[in-house]
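Architecture and fold: a report
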Amino acid sequence: MHPRTPRNALNRPAHFSDADWAEFQQCQTEHDDLIAQVADRETHLEHDLIATYDEYELDFTALPKLKAGPARRTLPPHRSPASRRRNRGR
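What counts, and at which threshold
- Sequence order sets the numbering: in each chain, residues are counted from 1 along the sequence as written.
- The model is predicted, so local features are restricted to residues of pLDDT at least 70 and side-chain atom pairs to those at 80 or more, both for listing and for counting; the totals for chains, interfaces and linings are taken over all residues.
- To obtain the side-chain values, all non-hydrogen atoms of the structure were included, while hydrogens and water were left out.
- A helix here means a DSSP run of H or I that spans at least four residues, while a strand means a run of E at least two residues long, and both kinds are numbered starting from the N terminus.
- Burial classification: accessible surface area is computed with a 1.4 Å probe over protein chains only, and a residue below 20% of its type maximum counts as buried, one above 50% as exposed, and the rest as partly exposed.
- With residues, only the protein chains shown are counted as cover, and all accessible areas are computed by Shrake-Rupley using a 1.4 Å probe.
- How far a helix is expected to stretch is found by multiplying one less than its residue total by 1.5 Å.
- Distance and chemistry together define a polar contact, namely a pair of N or O atoms within 3.5 Å, with one atom able to donate a hydrogen and the other to accept it when in protein, and with adjacent residues in sequence counting only for side-chain atoms on both sides.
- We count a salt bridge whenever a side-chain nitrogen from Lys or Arg sits within 4 Å of a carboxyl oxygen from Asp or Glu.
- Here the aromatic set is Phe, Tyr and Trp, taking the six-membered ring for Trp, and pairing holds for ring centres within 6.5 Å; pairs whose planes are under 30 degrees apart are stacked, those over 60 apart are edge-to-face, and all others are tilted.

1. Concerning the overall build of the chain
A tally of regular secondary structure across the chain gives two helices and zero strands. Within the chain, the fraction of its 90 residues that count as buried is 8%. For the chain, the exposed area adds up to about 9000 Å²; of that, 57% sits on carbon and sulfur atoms.

2. Quick word on helix H1 (residues 18-55)
In this model, H1 (38 residues) spans 55 Å end to end at C-alpha, consistent with the 56 Å of a helix rising 1.5 Å per residue. Three or more residues of H1 are buried, namely Trp 21, Phe 24 and Gln 28.

3. With respect to the environment of Thr 52
Looking at where Thr 52 falls in the secondary structure, it is placed in helix H1. Of note is the side chain of Thr 52, whose polar atom sits 2.8 Å from the backbone oxygen of Asp 48.

4. Overview of the pattern of salt bridges
A full pass over the atoms with the stated rule returns one salt bridge. As a salt-bridge pair, Asp 18 and Arg 12 come within 2.3 Å of each other at their nearest N and O atoms. Since its relative accessible area comes to 58%, Asp 18 is described here as exposed.

5. A look at the packing of aromatic side chains
For the coordinates displayed, the defined rule picks out three aromatic pairs. Considering the side-chain rings of Phe 16 and Trp 21, the 5.8 Å spacing of their centres and the 65 degrees angle between planes classify their relative orientation as edge-to-face. Overall, the relative accessible area of 5% leaves Trp 21 in the buried class. Aromatic pair Trp 21 and Phe 24: ring centres 5.3 Å apart, planes at 20 degrees, arrangement stacked. Taken together, the positions of Trp 21 and Phe 24, both in helix H1 and three residues apart, correspond to about one turn of that helix. An aromatic cluster is defined as three or more aromatic residues linked by ring pairs; in this entry it consists of Phe 16, Trp 21 and Phe 24.

Shown next, in the form of structure tokens:
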């Protein structure tokens, strides 16, 4: 049976009995209800995510610069052995 079988009695497949058709319609109604619940839940989640993002949106204003002192020393960048090998032939 194709999942998009029309639900009205005039389009009922010939091999369906009345009981089969009634069961199919009941299952289809339950399926439609579940899909509507999932869509509603996804809408709520999306709204909550957007609201949370808006609340905690990053602020790119400049921060005060930290002063380097004896306890806070900046180390020079570390070169990996692969980068030294690459530059050796130049």
